[in-house]
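# Tertiary structure, described
Each chain, letter by letter, is given below.
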Amino acid sequence: PLTKGPEGSYENSNGCPYYDQIRVNRLSDKEAKGPVYARALQAELVSPSEDFCMQIDAHTLFIENWDLRILREWGKAKNEYAVLTTYPTNVHDLHTNSNNHWEMPHLCHASLAGQGKA
């Protein structure tokens, strides 16, 4: 977890080697306006000099070599403006009856259909 320093900025108390590459925009409960608003604020954290940005939900788990695999998928789009997106289910809810229904999005395969469609 991030810890606040004496001046209100966050400190690298765990010695994360990538700390300087992580940007956080924390909001109080009074400032929060839902997940769509929060995701839109992400654009303020991206510098024009950066080639990529990634936004994840807290309940995301990664497979081995996920970073190489996602770059390979982006390359297959053959479009430098391609956006790879999905709405992942909480990994702990897969194969469970959540909220009295079994309807959890679980994407196991997608393919490109041309003209930016998957």
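Our structure is the block above this text.
What comes next concerns the included structure. (Residues numbered from 1 in each chain as written. Predicted model: local features only at pLDDT ≥ 70, side-chain atom pairs only at ≥ 80, totals over all residues. Heavy atoms only, no water.)

## Notes on a nonpolar patch on the surface
Inclusion rule: A patch is a set of surface residues, each over 30% in relative accessible area and not in a salt bridge, joined within 9 Å for like charges and within 5 Å for the nonpolar side chains Val, Leu, Ile, Met, Phe, Trp and Tyr. Every accessible area reported is derived by Shrake-Rupley at a probe size of 1.4 Å, with residue values counting cover from the shown protein chains alone. Whenever Lys or Arg places a side-chain nitrogen within 4 Å of a carboxyl oxygen from Asp or Glu, that contact is recorded as a salt bridge. Helix numbering and strand numbering both begin at the N terminus, where a helix is a DSSP run of H or I of at least 4 residues and a strand a DSSP run of E of at least 2.
Together, Phe52, Met54, Ile56, Phe62, Ile63, Trp66, Ile70, Leu71 and Leu84 give the surface a local cluster of nonpolar side chains, amounting to about 830 Å² of exposed area. Along the polypeptide, Met54 turns up in the loop between helix H1 (35-41) and helix H2 (66-76).

## Remarks on unusual backbone geometry
If you check the backbone angles, Asn65 has positive phi at about 65° while not being a glycine. Mapped onto the elements, Asn65 comes out in the loop between H1 and H2. With a phi angle near 50°, Lys78 is a residue other than glycine that sits in the positive phi range. With respect to the secondary-structure elements, Lys78 resides in the segment after H2.

## Observations concerning the packing of aromatic side chains
The following threshold applies: Any two of the Phe, Tyr and Trp rings considered here, Trp counted by its six-membered ring, make a pair once their centres fall within 6.5 Å; the pair's planes then place it as stacked at under 30 degrees, edge-to-face at over 60, or tilted in between. For each residue, the accessible area found with a 1.4 Å probe, counting protein chains only, is set against the maximum for its type, and the residue is called buried under 20%, exposed over 50%, and partly exposed in between.
On inspection of all chains with the given rule, the structure shows two aromatic pairs. Centre to centre, the rings of Phe52 and Trp74 are 4.9 Å apart; their planes meet at 80°, and the pair counts as edge-to-face. With Phe52 in the loop between H1 and H2 and Trp74 in helix H2, this residue pair connects regions lying 22 residues apart in the sequence. Classification of Phe52 by relative accessible area gives partly exposed; the value is 45%.

## Topic: the pattern of salt bridges
Applying the stated criterion to the full structure yields three salt bridges. For Asp29, the salt bridge identified is with Lys30, shortest N-O distance 3.9 Å. Across the pair, Lys30 and Asp29 agree in class, each one exposed. For Lys76, the salt bridge is made with Glu73, and the minimal N-O distance between the two is 3.1 Å. Of this pair, Lys76 and Glu73 both sit in helix H2, three residues apart, which is roughly one turn of the helix. Among the residues examined, Glu73 registers a relative accessible area of 40% and is labelled partly exposed.

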